[in-house]
Amino acid sequence: MYDTGKIVGGLVIFVVLMTSPLWYNALTAAPAEAPKLDQPPNGSKECVEPRDYMRAYHMDLLNEWRDDVVRNGKRDYASTANGRTFDMSLTRTCLDCHSNKVEFCDRCHTYMAVDPYCWDCHVEPKEAP
Amino acid sequence: MLEKALSGSRTYWAWIFSLLVVIGVGAACWYWQFTEGLTITGLSRDVVWGFYIAQFTFLVGVAASAVMVVLPYYLHNYKAFGKITILGEFLAIAAVIMCMTFIFVDMGMPIRILNVFLYPTPHSMMFWDTVALGGYLVLNVLISRITLSAERRGDPPPGWIKPIIILSIPWAVSIHTVTAFLYAGLAARPFWLTAILAPRFLASAFAAGPALLILLAFVVRRVSDFDAGQQAIRTLSTIVTYAMLANVFFVAMELFTALYSDIPEHVSHFTFLFMGLEGEATLAPWMWTSVVLAVVALVLLLNPSTRKNETSLIVACVAVFASLWIDKGLGMVIAGFVPSPLGKVVHYWPTAPELAISLAIWAGGLLIVTGLYKIALEVRGQVRHN
Amino acid sequence: MDASRRNFLKIAGLSLVGAAGGSAVIARGTEPAGAASGHRSDQPRTGPRLAMVIDLRKFGRDDELLKRCISACHEAHNVPDFGDDRKNEIKWIWTEEFEAAFHSEEFHYLRADLQGKPTLLLCNHCDNPPCTRVCPTQATWKRESDGIVMMDWHRCIGCRYCIVACPYGSRSFNWTDPRPHIASPNPAFPTRMRGVVEKCTFCEERLARGRQPACVEVCTNDEIVFGDLNDPESKVRQLLAERLAIRRKPGLGTEPEVYYIVEDPRTLIEVAPAAVVSDAVENDHA
């Protein structure tokens, strides 16, 4: 082809730039620490669902709660794990136990570079002084 | 073929660059609007739709007007429109993209725009408007691409494009009808609650669109070897004349119904537009200008000698376009909100950022028109290389 | 081309008729689950038909109760306070002069006590709501379970079409971030963010817990009564059976469910006669 040198050279530069996060981090960064989440300040040991389920599916659970409460007027959630009934509310149920949003919710979210905008509307609990 | 838009003379690139500057300023203003909210516009609790939606409403008409060249050429074999049809289709593409962009910048939560497709709502006219506009864009992109490629190869276009072209004709009518349906079915807004709104929209579209096309054809003739041909221009100007007459007639019909019935909630909006209400008369000079421009345009268009003379035709087309832009854009949309359903008179005027964003979208449309026209001219070997 | 042109014109004509008829059918007929549905009052409705009766006889002109109703609602629901900023203001419940509230009913010789009378306005939770008909995403819709014209702030795209369609001015838009304008947010209820439309939701979160709407809760003498019109024993049913009540813009067919008792205050024998008479006498000289 024409201009082989320029094309291959450009491609090499492109690949190097595009993969830079991988090789840069491999060469320089310390091994990433898994985020440590604080336990609920009120000592509660049981969540709405088991921990592993919540880790994987809390986003879907919250979406279901959102639609059930807002669109269907249904507010009672029967937990499949422990049989208890919960009020489907982010602020009043989830954050009732996990009132340490910064040490709990934000730790994972920041680590994963996830920015859910729930908090633009749902009121965060005030940090304990 | 797209690469043909990426080469050009110094004038070409100077023009592109100035458009990009305008777009850049508007984009910065839009980012500010995205973070601050629509409070940076002149909109308020009572006037919730303003300049952006007015531009959208006007431009849907321009987009629909491509049918005025497509129908005679493809349905009635009107050979004189052979050269200008592609310009009409390209103008439609640019206009539809401008419409969509104006809606996008008007939304409070633009990142959620896909909700319209994730939760389709057949009883909402806005849903159908997005379907209609999206479909019209696809149709015109497909049609213009296939016909221009065929022209480039020197072949007739493939047979299967014919029914698609025919489909674009009622589809063009439908995009502006459904946009009128946004307004004409609202019990809350007696100013818009009129059966003649859709016909009025179409009439003004078929006047303003072809007027713009005539002007663009002259501009393109000035900067290239393209010539639409005298007969094409003459026929288009006849179309503009009849459409403008129909539009003025329809407006007169609206005025009669409102003023003769003397029902306050119908009269008050016209009073606001032409004379002002409770001291709020911002739009009055604009509306009277629109009337004067319409009269001037019709005088020049109805008289055969001034319609056939290119200079006076240009004046007439500019007058038509400006008059209808005021009437359909500023006049029709804003007056629907003043007075409010509670009888309040509220002031609305676009703010500078609102205008900058709107100007940027217009510049974007001109950019698309420029690029697409350049491609068409290159294909026809009509670009002037000096 | 001649033969196919004829065919085309035939098909086009039929399609136009079909499209015109079809679009009208679609516009009124198709209802995805949970979407808006209109009911005229002559159509029987299953489930509750929530309504509110506002007894204008029991509100004075400078009544503290008016302010308390508004603050109860706005504080409970984190409605931002923009002060005198008419451009950005958000209100779920507010007062207008009687002539503006009932804009098509005003006339010169309106009874003295009603002239200029501050009247509480809110979303009417119409039975045939035009706002839900136009929403392109069903972010506002009429909930089948309780008839409340509800808002889903997660789904709203902020197109403001519902505001355009509402004949009563009941809806507000968040032109900017409301949080800086909320003095002390109520943590039990979310705020909204810039870019969505909001309005009264008949306190559905309170109704779910067996309470009355906030504005009703601050009333001590049935100034505002709330209930189910489909329940023949309800207070709202009784009031409408006994008293003359009007609705806003009834001719539009929206079937608003907020009723205003407009009888002469002198029909109120429960209220201290002196207060009632002096109010009427004062205004007779107006």
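Scroll up for the structure.
Residues numbered from 1 in each chain as written. Chains lettered and ligands numbered in written order. Predicted model: local features only at pLDDT ≥ 70, side-chain atom pairs only at ≥ 80, totals over all residues. Heavy atoms only, no water.

Quick word on the overall build of chain C
A tally of regular secondary structure across chain C gives nine helices and 10 strands. The contacts of chain C with a sequence gap of at least 6 include a subset with a gap of at least 24, amounting to 67%. (Helix = DSSP H or I, 4+ residues; strand = E, 2+ residues; numbered from the N terminus. Contact = heavy atoms within 4.5 Å.)

A few points about the overall build of chain A
Of regular secondary structure, chain A possesses five helices and two strands. For chain A, the sequential pattern of α-helices and β-strands runs α-α-α-β-β-α-α. Computed over its C-alpha atoms, the radius of gyration of chain A comes to 22 Å, more than 25% above the 14 Å expected for a compact globule of 129 residues. Structurally, chain A occupies a C-alpha span of about 70 × 35 × 30 Å along its principal axes. Burial analysis of chain A (129 residues in total) assigns 24% to the buried set. Once local pairs closer than 6 in sequence are excluded, the contacts in chain A between residues at least 24 apart make up 61%. Surface summary for chain A: the accessible area is close to 9300 Å², and the carbon and sulfur share equals 61%. (Rg over C-alpha atoms; globule rule 2.2 N^0.38 Å. Buried < 20%, exposed > 50% of the residue type's maximum accessible area, 1.4 Å probe, protein only. Areas by Shrake-Rupley, 256 points an atom, 1.4 Å probe, with all protein chains shown as cover.)

As for helix H3 (residues 67-76) of chain B
Residue and element names in this part refer to chain B. Summarising burial for H3: seven of the 10 residues are buried, a large majority. All of the buried residues in H3 are Val67, Met68, Val69, Val70, Pro72, Tyr74 and Leu75. Positioned one or two residues after H3, Asn77 has a phi angle of 55 degrees, which is positive.

Looking at the nonpolar core
A general feature of soluble globular proteins is that nonpolar side chains tend to end up buried together. If you look at the biggest cluster of nonpolar residues, it comprises 203 residues, and the most contacted ones within it are Trp49 and Tyr183 of chain B together with Met52, Ile54, Tyr161 and Ile224 of chain C. Per-element accounting of this core gives the leading share, 17 residues, to helix H8 (residues 197-223) of chain B. Listed in part, the 13 residues of the second largest apolar core include Val48, Leu61, Trp65 and Tyr77 of chain A. (Core = buried A, V, L, I, M, F, W, Y, C linked by side-chain atoms within 4.5 Å.)

As for unusual backbone geometry
For the bond running from Val338 of chain B to Pro339 of chain B, omega is 0 degrees, close enough to zero to count as cis. When you line up the elements, Pro339 of chain B lands in the loop between helix H13 (310-335) and helix H14 (352-379). One non-glycine residue, His125 of chain C, adopts positive backbone phi at about 45 degrees. Within the element layout of this structure, His125 of chain C appears in the loop between strand E3 (118-122) and helix H4 (130-134). With a relative accessible area of 1%, His125 of chain C lands in the buried category. Of note, the phi angle at Cys203 of chain C is positive, near 50 degrees, even though the residue is not glycine. When you line up the elements, Cys203 of chain C lands in the loop between strand E7 (197-198) and helix H6 (204-207).

Brief notes about the sheet that holds strand E1 (residues 50-55) of chain C
Residues and elements named next belong to chain C. Taking strand neighbours across the sheet as the criterion, the four strands line up as E8-E1-E10-E9 in an open arrangement whose pairing is mixed. Only two strands of the sheet have a single partner each, and these edge strands are strand E8 (224-228) and strand E9 (245-246). Pairing geometry for E1 and strand E10 (residues 258-261), over four bridges, is parallel. Across the sheet, the residue bridging to Val53 is Tyr259, located in E10. The strands touched by helix H8 (residues 235-242) within the sheet are E1, E8, E9 and E10, with E8 carrying the most contacts at an inclination of about 115 degrees. (Pairing = 2+ DSSP bridges. Axes fitted to C-alpha atoms, helices over the stretch in contact; angles between N-to-C directions.)

What to know about the environment of Leu65 of chain C
Residues and elements named next belong to chain C. Relative to the helices and strands, Leu65 is located in helix H2 (residues 64-76). A C-alpha to C-alpha distance of 7.8 Å links Leu65 and Val218, two positions 153 residues apart in sequence. Ignoring sequence-local partners within four residues, the contact set of Leu65 consists of Phe59, Val218, Cys219 and Glu223.

Examining the packing of helix H2 (residues 51-64) of chain B against H14 of chain B
All names here are of chain B. One can describe the packing of H2 onto H14 by two numbers: an axis separation of 10 Å at closest approach and a directional angle of 25 degrees. As far as their axial angle goes, H14 and H2 are roughly parallel. Relative to H14, H2 is oriented so that their crossing is right-handed. Each of Phe51, Tyr52, Gln55, Phe58 and Leu59 in H2 lies in contact with H14, whose residues at this interface are Glu354, Leu355, Ile357, Ser358 and Trp362. Partitioning the contact of H2 with H14 into residue classes produces seven nonpolar, two polar and one charged. (Parallel < 35°, antiparallel > 145°, perpendicular 65-115°, else oblique. Left-handed = near helix turned anticlockwise from the far one by under 90°. Nonpolar A, V, L, I, M, F, W, Y, C, P; charged D, E, K, R; others polar.)

Re the environment of Ser99 of chain A
Turning to its location among the elements, Ser99 of chain A is positioned in the loop between helix H4 (90-97) and helix H5 (105-111). Along the chain, Ser99 of chain A and Gly73 of chain A lie 26 residues apart, while their C-alpha atoms are 25 Å from each other.

Description of a negative patch on the surface
A grouping of Asp115 and Asp120 of chain A, Glu36 of chain B together with Asp177 of chain C is seen on the molecular surface, where their side chains present a negatively charged patch. In this fold, Asp120 of chain A is placed in the segment after H5. A residue is classified by how much of its surface remains accessible, and Asp120 of chain A, at 36% relative accessible area, is partly exposed. (Patch = residues over 30% accessible without salt bridge, like charges linked within 9 Å, V, L, I, M, F, W, Y side chains within 5 Å. Salt bridge = Lys/Arg side-chain N within 4 Å of Asp/Glu carboxyl O. Lys, Arg positive; Asp, Glu negative; His and termini not counted. Charge placed at Lys NZ, Arg CZ, Asp CG, Glu CD.)

What to know about the pattern of salt bridges
All names here are of chain C. Throughout the structure, instances matching the rule amount to 37 salt bridges over all chains. For the salt bridge of Glu89 with Lys91, the shortest nitrogen-to-oxygen distance reads 3.1 Å. On the accessibility criterion, Glu89 (11% relative accessible area) is buried. Between Glu204 and Arg143 there is a salt bridge whose closest N-O contact spans 2.8 Å. Placement of the pair is Glu204 in helix H6 and Arg143 in the loop between strand E4 (140-142) and strand E5 (149-151), with a sequence separation of 61 residues.

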